[in-house]
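# A look at the structure
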Amino acid sequence: IVPSEGGTPQLLANAIKATSPVWSPNGDMIAYIDEEKPRMSIVRIDQKGQVVGNPVSIEGPEGTSFIKMIAGWTPDNKIGLLLVTEQESAIYTLPVGGGQAAMIQRTPGAFISQPRWSPDGEQVFYSTPPDEVNLEGVPFTWRTLASVPASGGNGKPVPTDLNDKNIRLFQFGGGHRVSPDGKTMVAGVWTPEDLNPEYYFPLSRIWKIALDGTGSTQITKTKGPFLDTDPCWSSDGKKIAFIRHRLNKGKTNPIPIADADIYMVNSAGGEAELLDSVPGKSIQSLVWSADGKMLACLVKQEESPINKYIFIINIKTREKSKFYKVEDDFGIIHTELAWSPDNKRIAFNFDDGANRRIKVMTLSDGSIEEVKTGLTDLDRISHLDWSPDGKRFVFIGSKVGKR
């Protein structure tokens, strides 16, 4: 506070980021918000402007993510607040023909991503925020792995801090996928050793993670400013395809990516082989067909930041075929592709700003069929996978905080 006629300001309370101070009607208290948290603080002052006691905190109502603003303090001692409801996301399964989606896992206060079926269809693996907030020096929240029964239940963590390497996933692009034998997961990850002060993101590599917690193995070891992401298995488990993004130096966000290439490497490790180069364009969601003959991916075109096209790559001939245009207002990182087990169709999710949808494209004629989820209260549908028996989808449904 400071005298209205001017003078020396006097500190009332220490705060990390104090906003929205409001006087009480009789002038003996000030309410304020410290950071964007679901609580408000009140400090009492005497007639000389001296602090009386310590600030008192009042928690926001249940389901509040944070208090955005204090609207005012009424003469009858009521405080008006602008609240933001708690964000949440959940894992849903859905019959391929559409119908009513079933929730199998809910995570209030956090966004989970990239659900993946186990080969036997009994488990769903996904990435989730860790208990910690941020690693020092990293300007984003990293992820770890968890699993939940496909029939529903409580999620449990998958050990990823293996071999003292402290493996971490990005929120998007980790691309973790389970091996055909169900014993190993492959993912694009980074460790604290991969932090580089010249780049905004750590330099990620492809790792194999044993699902029984016995160990992990780094697959790609080529030195350079790369983000290796979106790995996927061949049907026999002998090969891994992945996307390599080349980074330019800089600490800006979005990431200063120069080029993106598609590589293939033996699942036991070794030198990666270049499959396709796409200079100056973004590639995401690389998936291998069940017969091992084709790869599909999303390529963001230069003419529009929201337009992506589905491309199919023939592994043997290296020929590319351009298919359906996907318009997604939420960006390429939220959309994923999934092959049907019979290799004849590709499913994808997208958001055009008004509708959250899942569609299925038949490759033989390029026809598109929309799959109804029965959900009307979601703000976003992100990522998806097709079950091994071909009967169900799994996807992430999210609700963002609302004022």
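Residues numbered from 1 in each chain as written. Predicted model: local features only at pLDDT ≥ 70, side-chain atom pairs only at ≥ 80, totals over all residues. Heavy atoms only, no water.

## As for the overall build of the protein
Helix and strand content of the protein: zero helices and 31 strands. Here the contacts in the protein between residues at least 6 apart in sequence split such that 46% fall between residues at least 24 apart. Carbon and sulfur atoms make up 49% of the accessible area of the protein, which totals about 19,200 Å². (Helix = DSSP H or I, 4+ residues; strand = E, 2+ residues; numbered from the N terminus. Contact = heavy atoms within 4.5 Å. Areas by Shrake-Rupley, 256 points an atom, 1.4 Å probe, with all protein chains shown as cover.)

## Quick notes on the sheet that holds strand β28 (residues 356-362)
Read across the sheet, four strands follow the order β26-β27-β28-β29 without closing on themselves; strand pairing throughout is antiparallel. Of all strands in the sheet, those bounded by a partner on one side alone are β26 (337-339) and β29 (368-371). Ignoring which end each strand starts from, the neighbouring axes of this sheet average 25° apart. Sheet topology note: the β26/strand β27 (residues 345-351) ladder contains three bridges and is antiparallel. Looking at the pairing, A338 lines up with A347 of β27. (Pairing = 2+ DSSP bridges. Axes fitted to C-alpha atoms, helices over the stretch in contact; angles between N-to-C directions.)

## A few points about the confidence of the model for the protein
Averaged over all residues, the pLDDT of the protein equals 84, while 86% of them reach at least 70. No element of the protein has a lower mean pLDDT than strand β13 (residues 168-169), at 78, and none a higher one than β26, at 95. This model gives residues 133-137 a pLDDT under 50, and the stretch forms eleven contacts once residues within four places in sequence are excluded. (pLDDT = per-residue confidence, 0-100.)

## Digging into the pattern of salt bridges
Per the counting criterion, the structure on display carries seven salt bridges. In this structure, the salt-bridge partner of D28 is R44, at a minimum N-O distance of 3.4 Å. In this pair, D28 sits in the loop between β1 (18-23) and β2 (29-34) while R44 sits in strand β3 (residues 39-45), placing the two residues 16 residues apart along the sequence. For R44, a relative accessible area of 38% corresponds to the partly exposed category. (Salt bridge = Lys/Arg side-chain N within 4 Å of Asp/Glu carboxyl O. Buried < 20%, exposed > 50% of the residue type's maximum accessible area, 1.4 Å probe, protein only.)

## As for the pairing of strand β15 (residues 184-190)
Among the seven residues of β15, seven are classified as buried, and the element is accordingly described as predominantly covered. Side chains of β15 alternate between two faces, with T184, V186, G188 and W190 and M185, A187 and V189 buried alike. With two bridges connecting them, β13 and β15 associate as antiparallel partners. By the bridge assignment, R168 is partnered in β15 with W190. Sheet topology note: the strand β14 (residues 177-178)/β15 ladder contains two bridges and is antiparallel.

## Some points on the nonpolar core
If you look at the biggest cluster of nonpolar residues, it comprises 18 residues, and the most contacted ones within it are I262, I283, L286, W288, L295 and C297. Sorting the residues of this core by element identifies β19 (239-247), β20 (257-266), β21 (273-279), β22 (282-288), β23 (294-300) and β24 (307-314) as the ones contributing at least two each. Leave out the neighbours within four places in its chain, and L295 touches C232, A241, I262, L275, L286, V287, W288, F311, I312, I313, I315 and W339. Grouped together as the second largest cluster of nonpolar side chains are 16 residues, A90, Y92, A338 and I358 included. (Core = buried A, V, L, I, M, F, W, Y, C linked by side-chain atoms within 4.5 Å.)

## Quick word on the sheet that holds strand β8 (residues 102-108)
The pairing of strands in a sheet comes from backbone hydrogen bonds and takes either a parallel or an antiparallel form. Spatial ordering of the open sheet is given by β8-β7-β31-β30, a layout of four strands whose pairing is antiparallel. Taken across any chain shown, the strands that pair with only one partner, and hence form the sheet edges, are β8 and β30 (380-386). When the angles between neighbouring strand axes are averaged without regard to direction, this sheet yields 20°.

## Here's the deal with the packing of aromatic side chains
The full count for this structure, using the stated rule, is four aromatic pairs. Centre to centre, the rings of F242 and Y263 are 5.8 Å apart; their planes meet at 15°, and the pair counts as stacked. Here Y263 lies in strand β20 and F242 lies in strand β19, a separation of 21 residues in the sequence. For Y263, a relative accessible area of 10% corresponds to the buried category. Ring geometry for W386 and F393: centres 4.8 Å apart, planes at 65°, overall edge-to-face. Here the guanidinium or amino end of R244 rests over the ring plane of F226, the centre of that ring lying 4.5 Å away. Over the ring of Y309 we find K322; its NZ or CZ atom is 4.0 Å from the centre of that ring. (Phe/Tyr/Trp six-rings, centres within 6.5 Å; stacked < 30°, edge-to-face > 60°. Lys NZ or Arg CZ within 6 Å of the ring centre and 35° of its normal.)

## Quick word on the pairing of β22
Residues in a regular strand project their side chains so that they alternate between the two faces of the sheet. The buried count for β22 comes to six of seven residues, which makes it a mostly enclosed element. Looking at chain direction, β22 and β23 are connected through five bridges and run antiparallel. Considered in β23, the bridge of V287 is made with A296. Hairpin connection between β22 and β23: a loop of five residues separates the two successive antiparallel strands, and G292 in this loop has a positive phi of roughly 75°.

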